[in-house]
Amino acid sequence: MDFADWVRSAVAAIPKGSTRSYKYIARAAGSPRAYRAVGNILNKNRDPNVPCHRVIKSDGSLGGYYYGSRAKARKLKEEGYVSR
DNA sequence: CGTATGACGTGCA
DNA sequence: GTGCACGCCATAC
């Protein structure tokens, strides 16, 4: 179980309609300081089983997305998440 | 193996 | 409240 695998599992554990921050995932992965790596891993990770679009910045911003931040906001909206 | 990059976070102006 | 700069970890080249 590598750090990336653990991150993927934590992201996959996010309930539909909910969002978690990169820092939260990093903490769940065992490295609270690895939030940079979390974003990097998800960026290279294209596993459809990992709803990485549910991972946003801790300040409430959507952050980025490999397919485009617009698509990310759109998916979240489809799941019932409303940015405020 | 070493260097550079990146979907971040926090602090200070 | 907004903007700029620094620090950090893991991965990719």
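The structure we're discussing is the one just above.
Residues numbered from 1 in each chain as written. Chains lettered and ligands numbered in written order. Predicted model: local features only at pLDDT ≥ 70, side-chain atom pairs only at ≥ 80, totals over all residues. Heavy atoms only, no water.

Focus: the packing of helix H2 (residues 22-29) against helix H3 (residues 35-44)
- At a minimum axis distance of 8 Å, the contact between H2 and H3 shows a crossing angle of 100°. What the angle tells us is that H2 and H3 run roughly perpendicular. Residues Tyr-22, Lys-23, Ile-25 and Ala-26 of H2 touch H3, and the partners they reach there are Tyr-35, Val-38, Gly-39 and Leu-42.
- Taken together, the residues of the contact of H2 with H3 sort by class into six nonpolar, one polar and one charged. (Axes fitted to C-alpha atoms, helices over the stretch in contact; angles between N-to-C directions. Helix = DSSP H or I, 4+ residues; strand = E, 2+ residues; numbered from the N terminus. Parallel < 35°, antiparallel > 145°, perpendicular 65-115°, else oblique. Contact = heavy atoms within 4.5 Å. Nonpolar A, V, L, I, M, F, W, Y, C, P; charged D, E, K, R; others polar.)

Quick word on the pattern of salt bridges
- If you walk through the whole model with that rule in mind, you get two salt bridges.
- A salt bridge links Asp-5 to Arg-8, with the nearest nitrogen and oxygen atoms 2.1 Å apart. Of the two residues, Asp-5 and Arg-8 are both situated in helix H1 (residues 3-12); the distance of three residues between them amounts to about one turn of the helix.
- For Arg-54, the salt bridge goes to Glu-79, with nearest N and O atoms at 2.9 Å. Taken together, the residues span a long stretch of sequence, with Arg-54 in the loop between H3 and strand E2 (55-56) and Glu-79 in the segment after helix H4 (69-78) at a distance of 25 residues.
- Under the relative-accessibility criterion, Arg-54 is labelled buried at 10%. (Salt bridge = Lys/Arg side-chain N within 4 Å of Asp/Glu carboxyl O. Buried < 20%, exposed > 50% of the residue type's maximum accessible area, 1.4 Å probe, protein only.)

Focus: the environment of Asp-59
- You can see Asp-59 is positioned in the loop between E2 and H4.
- On the accessibility criterion, Asp-59 (54% relative accessible area) is exposed.
- For the pair Asp-59 and Ser-21, spaced 38 residues apart in sequence, the C-alpha separation works out to 8.3 Å.
- Here Ser-61 takes part through its side chain, which lies 2.9 Å from a polar atom of the side chain of Asp-59. (Polar contact = N/O pair within 3.5 Å; in protein donor to acceptor, adjacent residues only side chain to side chain.)

Looking at the protein's contact with DNA strand C
- Within the structure, DNA strand C sits among Phe-3, Arg-33, Ala-34, Arg-36, Ala-37, Asn-40, Ile-41 and Lys-44.
- Between DNA strand C and Arg-33 there is a distance of 3.1 Å, counted from a sugar or linking oxygen to a backbone nitrogen or oxygen.
- With respect to DNA strand C, the side chain of Arg-36 contributes an N or O atom lying 2.4 Å from a base nitrogen.
- For the surface near DNA strand C, the element with the most residues is H3, which contributes five residues.
- Looking at the surface near DNA strand C, its residues break down into four nonpolar, one polar and three charged. (Near = heavy atom within 4 Å.)

What to know about the packing of aromatic side chains
- Scanning the entire structure with this criterion turns up two aromatic pairs.
- Ring plane angle 55° and centroid distance 5.4 Å describe the contact between Tyr-65 and Tyr-67, whose orientation is recorded as tilted.
- Overall, Tyr-65 belongs to the buried group, its relative accessible area being 18%.
- For Tyr-67, a relative accessible area of 57% puts it in the exposed group.
- Both rings, one in Tyr-66 and one in Tyr-67, keep their centres 5.7 Å apart while their planes meet at 85°; by these two values the pair is edge-to-face. For the pair shown, Tyr-66 and Tyr-67 are each scored as exposed.
- In textbook terms, an aromatic cluster arises when at least three aromatic residues are bridged by ring pairs, as seen for Tyr-65, Tyr-66 and Tyr-67. (Phe/Tyr/Trp six-rings, centres within 6.5 Å; stacked < 30°, edge-to-face > 60°.)

Purely geometric numbers; function is a separate question.
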